[in-house]
Amino acid sequence: SNWTVWHQRGKTAPLSGPSKGRRRGLARPPTAAPALAWALDDPYTTMADYERSIQDMVRQLRNSSEPGDTKCQVNLRLWRSNRRSLSPWAYSINHDATRIPADIPEARCLCTGCINPFTMQEDRTMASIPIYSRLPVRRLLCQVLDEVGHKPSGKKCHKKYQMVMETIAVGCTCIF
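Rules of the game
Residues numbered from 1 in each chain as written. Predicted model: local features only at pLDDT ≥ 70, side-chain atom pairs only at ≥ 80, totals over all residues. Heavy atoms only, no water. Helix = DSSP H or I, 4+ residues; strand = E, 2+ residues; numbered from the N terminus. Buried < 20%, exposed > 50% of the residue type's maximum accessible area, 1.4 Å probe, protein only. Contact = heavy atoms within 4.5 Å. Areas by Shrake-Rupley, 256 points an atom, 1.4 Å probe, with all protein chains shown as cover. Pairing = 2+ DSSP bridges. Disulfide = S-S within 2.5 Å. Polar contact = N/O pair within 3.5 Å; in protein donor to acceptor, adjacent residues only side chain to side chain. Salt bridge = Lys/Arg side-chain N within 4 Å of Asp/Glu carboxyl O.

- Per an unreviewed UniProt entry, the chain goes by Interleukin 17B and derives from Accipiter nisus.

Take a look at the structure:
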């Protein structure tokens, strides 16, 4: 018989066979779980991969040989989309020693207005604004209190981290 199959992680599974009254073609695979749901099954590997990718972006930013990112202009010779946008932005490193990852690239708009695509000049009748996203980070919780509720001097706290969502600028866009 002519089975319809779908592929998941290199395996095939029969989904439906031809029958009267049914459409032929690929059957729809089950809806995949969202990425954050996978984190519940195996949080350490998923978070470690995520934090490693952030570290890679920070390393690329620090090792960048591109000219200073301070001018409000489009540079079509650069391959990165942040410099080819009509609302260009640069990245700076958002550092927080009480967070994992401690360093996160954060977007900073280079223009007050937007680049007019016809003149390639800044047009201040429009505005460049940051686009924000919420990123998962581990925040250091460090509270050692005595019986009265005061932080005792000279005592070190037990390092404990809590997963929180932090708002970070990830790019810029143009608005009227």
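Structure shown, so let's carry the discussion forward.
Observations concerning the overall build of the chain
Link 1 in the chain: Across its full length, the chain carries 3 helices and 9 strands.
Link 2 in the chain: Helices and strands in the chain line up, N terminus first, as β-β-α-α-α-β-β-β-β-β-β-β.
Link 3 in the chain: Counting only residues that meet the buried cut, the chain has 29% of its 176 residues in that class.
Link 4 in the chain: Long-range pairs, those at least 24 residues apart, make up 49% of the contacts in the chain with a sequence separation of at least 6.
Link 5 in the chain: Counting every atom, the chain has about 13,100 Å² of accessible surface; 55% of that belongs to carbon and sulfur.

Observations concerning the sheet that holds strand β8 (residues 127-141)
Across a sheet, paired strands are connected by hydrogen bonds in the backbone, their directions being either parallel or antiparallel.
Link 1 in the chain: The strand order β4-β8-β9 describes an open sheet built from 3 strands, whose pairing is antiparallel. Edge positions in the sheet fall to β4 (99-100) and β9 (160-175), since each of these pairs with one other strand and no more.
Link 2 in the chain: As paired elements, β8 and β9 share 15 bridges and run antiparallel to each other. For Arg-139, the partnering residue across the bridge sits in β9 and is Gln-162.

Regarding the state of the cysteines
Link 1 in the chain: Per the stated rule, a full pass over the model turns up 3 disulfides.
Link 2 in the chain: Across a sulfur-sulfur distance of 1.9 Å, Cys-72 and Cys-111 are joined as a disulfide pair. One quick way to see it: the torsion about the S-S bond of Cys-72 and Cys-111 is about 105 degrees, and its sign makes the bridge right-handed. Residue Cys-72 is found in the loop between α2 (43-62) and α3 (81-84), and its partner Cys-111 is found in the loop between β5 (103-109) and β6 (114-115); the two are separated by 39 residues along the sequence.
Link 3 in the chain: Judged by relative accessible area, Cys-72 falls into the partly exposed class, the value being 22%.

A word on the side chain of Asp-103
Link 1 in the chain: By secondary structure assignment, the location of Asp-103 is in strand β5.
Link 2 in the chain: Relative accessible area serves as the criterion here: at 16%, Asp-103 is assigned to the buried category.
Link 3 in the chain: Here the side chain of Asp-103 touches Arg-62 through a polar contact of 3.0 Å, side chain to side chain.
Link 4 in the chain: A distance of 2.5 Å separates a polar atom in the side chain of Asp-103 from a polar atom in the side chain of His-95.

Some points on the pattern of salt bridges
Link 1 in the chain: Here the structure, examined in full by the defined rule, presents 8 salt bridges.
Link 2 in the chain: With its nearest N and O atoms 2.6 Å apart, the salt bridge here joins Asp-96 to Arg-139. Remark: Arg-139 occurs in strand β8 and Asp-96 occurs in the loop between β3 (89-95) and β4; sequence separation between them is 43 residues.

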